[in-house]
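Below are the chains, spelled out letter by letter.
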Amino acid sequence: MKFDAKMLTLYAVTDRSWLHGRTLAEVVEEVILGGATMVQLREKDKTPDEILASAREIAPVCKKYGVPFIMNDSIELARAAGADGVHLGQSDVPGDNVRELAGDLILGLSANTVESAKRAQALGADYLGVGAVFGTTTKHDARHLSPEALREITSAVDVPVVAIGGISADNILQLTGCGMQGAAVVSALFAQEDPRQAARDLRDKAERMRQEDTDNENN
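Residues numbered from 1 in each chain as written. Predicted model: local features only at pLDDT ≥ 70, side-chain atom pairs only at ≥ 80, totals over all residues. Heavy atoms only, no water.

(A) The overall build of the protein chain, seen in detail. Across its full length, the protein chain carries 8 helices and 8 strands. The C-alpha radius of gyration computed for the protein chain amounts to 16 Å, which stays within 12% of the reference 17 Å derived for 219 residues, consistent with globular compactness. Projected onto the principal axes, the alpha-carbon positions of the protein chain cover approximately 45 × 40 × 35 Å. By residue count, 51% of the 219 residues in the protein chain fall in the buried class. (Helix = DSSP H or I, 4+ residues; strand = E, 2+ residues; numbered from the N terminus. Rg over C-alpha atoms; globule rule 2.2 N^0.38 Å. Buried < 20%, exposed > 50% of the residue type's maximum accessible area, 1.4 Å probe, protein only.)

Here it is as structure tokens:
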């Protein structure tokens, strides 16, 4: 699948903690129907076989709606799952040949400083995941980045940047003016009683955020 920056508008990152009896595939379908533009499978405490089983559960849902399916942490697992892409944290990058290893997979790399963002761009990332922009319950060691730090990062690179970390419908518009292409969201989608409606609200606000930035760039 060819990467397009618009895919980052509402980037859903899975978390099984809040399924409340629903299957992961059911909730993924709900967030896609609500407007999610990309889905990443993140299974931090599972074995490779369990991760592949989850991937095979939700990959057909993403394919059905033409939404790119991204695997977290492992190029090998991404290929085995038939994913459209892979997202790697800074400690998961296998080497300077990561772009070559990823091949035609969409390649996302994490960054939280100007230096790490520039390196990720040099390594051939299609997009950067930058955060944590707000407090987050999914990464206890995440460093909060100020709006000024976010602007410094987005101004230093040419590849699109998606914000991650504690983003919800209540605070996403605070990212306006930071140069973000979109928002990656976990609990504000997967912990909600109505994931489809939550996705609608977030998609609307993510598009407003991006449009305001575009309007300001053109003025």
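There's more to say after this.
(B) Summary view of helix α8 (residues 195-218). Taking 1.5 Å of rise per residue, 24 residues should cover 34 Å, and α8 covers 34 Å from first to last C-alpha, within 8% of that figure. Taken together, the buried positions of α8 are Pro-195, Ala-198, Ala-199, Leu-202, Ala-206, Met-209, Arg-210 and Asp-213. Looking at the buried positions of α8, the neighbouring elements they touch are β1 (10-13), α1 (24-34), β8 (182-185) and α7 (187-190). (Expected span 1.5 Å × (residues − 1). Contact = heavy atoms within 4.5 Å.)

(C) Quick peek at unusual backbone geometry. Note the cis peptide between Gly-131 and Ala-132, where omega equals 10°. The residue Ala-132 is located in the loop between β6 (127-130) and α6 (147-156) in this model. Here the phi dihedral of His-20 falls at roughly 50°; this positive angle occurs in a residue that is not glycine. Within the secondary structure layout, His-20 lies in the loop between β1 and α1. Residue classification places His-20 among the exposed residues on the basis of a relative accessible area of 62%. A positive phi angle is found at Asp-73, which is not glycine, with a value near 80°. Within the fold, Asp-73 resides in the loop between β3 (69-72) and α3 (75-81).

(D) Summary view of the pattern of salt bridges. Tallied over the entire structure, the rule returns 11 salt bridges. The closest approach of N and O atoms between Arg-196 and Glu-30, which form a salt bridge, is 2.9 Å. With a gap of 166 residues between them, Arg-196 in helix α8 and Glu-30 in helix α1 connect regions that are remote in the sequence. When its relative accessible area of 27% is taken as the criterion, Arg-196 is described as partly exposed. (Salt bridge = Lys/Arg side-chain N within 4 Å of Asp/Glu carboxyl O.)

(E) Examining the packing of α1 against α8 more closely. Orientation of α1 relative to α8, taken along the N-to-C sense of each, is 35°, at an axis distance of 7 Å. Between α1 and α8 lies a crossing whose hand is right-handed. Listed contacts from α8 to Val-27, Glu-30, Val-31, Leu-33 and Gly-34 of α1 are Pro-195, Arg-196, Ala-199, Arg-200 and Arg-203. Residues of the contact of α1 with α8, tallied by class, amount to 5 nonpolar, 1 polar and 4 charged. (Axes fitted to C-alpha atoms, helices over the stretch in contact; angles between N-to-C directions. Left-handed = near helix turned anticlockwise from the far one by under 90°. Nonpolar A, V, L, I, M, F, W, Y, C, P; charged D, E, K, R; others polar.)

(F) Summary view of the side chain of Asp-213. In this fold, Asp-213 is placed in helix α8. By relative accessible area, Asp-213 is classed as buried at 4%. A polar contact is formed between the side chain of Asp-213 and the backbone nitrogen of Gly-177, at a distance of 2.5 Å. The residues contacting Asp-213, other than those within four sequence positions of it, are Leu-175, Thr-176, Gly-177, Cys-178, Gly-179 and Met-180. (Polar contact = N/O pair within 3.5 Å; in protein donor to acceptor, adjacent residues only side chain to side chain.)

(G) Main features of helix α5 (residues 114-122). Taken together, the buried positions of α5 are occupied by Val-114, Ser-116, Ala-117 and Ala-120. With its buried residues spanning 165° around the axis, α5 presents them on a single face. In α5, the exposed positions angled more than 90 degrees off the buried face are occupied by Glu-115 and Ala-122. Contacts from the buried residues of α5 go to β5 (106-111), β6 and α6. Just downstream of α5 lies Gly-124, where phi reads positive at about 100°. (Arc of directions from axis to C-beta.)

(H) Structural detail: the environment of Gln-197. One can find Gln-197 in helix α8. Remark: the alpha-carbon pair of Gln-197 and Ile-32, spanning 165 residues in sequence, is separated by 10 Å. A distance of 3.0 Å separates a polar atom in the side chain of Gln-197 from a polar atom in the side chain of Arg-200.

The values are spatial; any link to function lies outside them.
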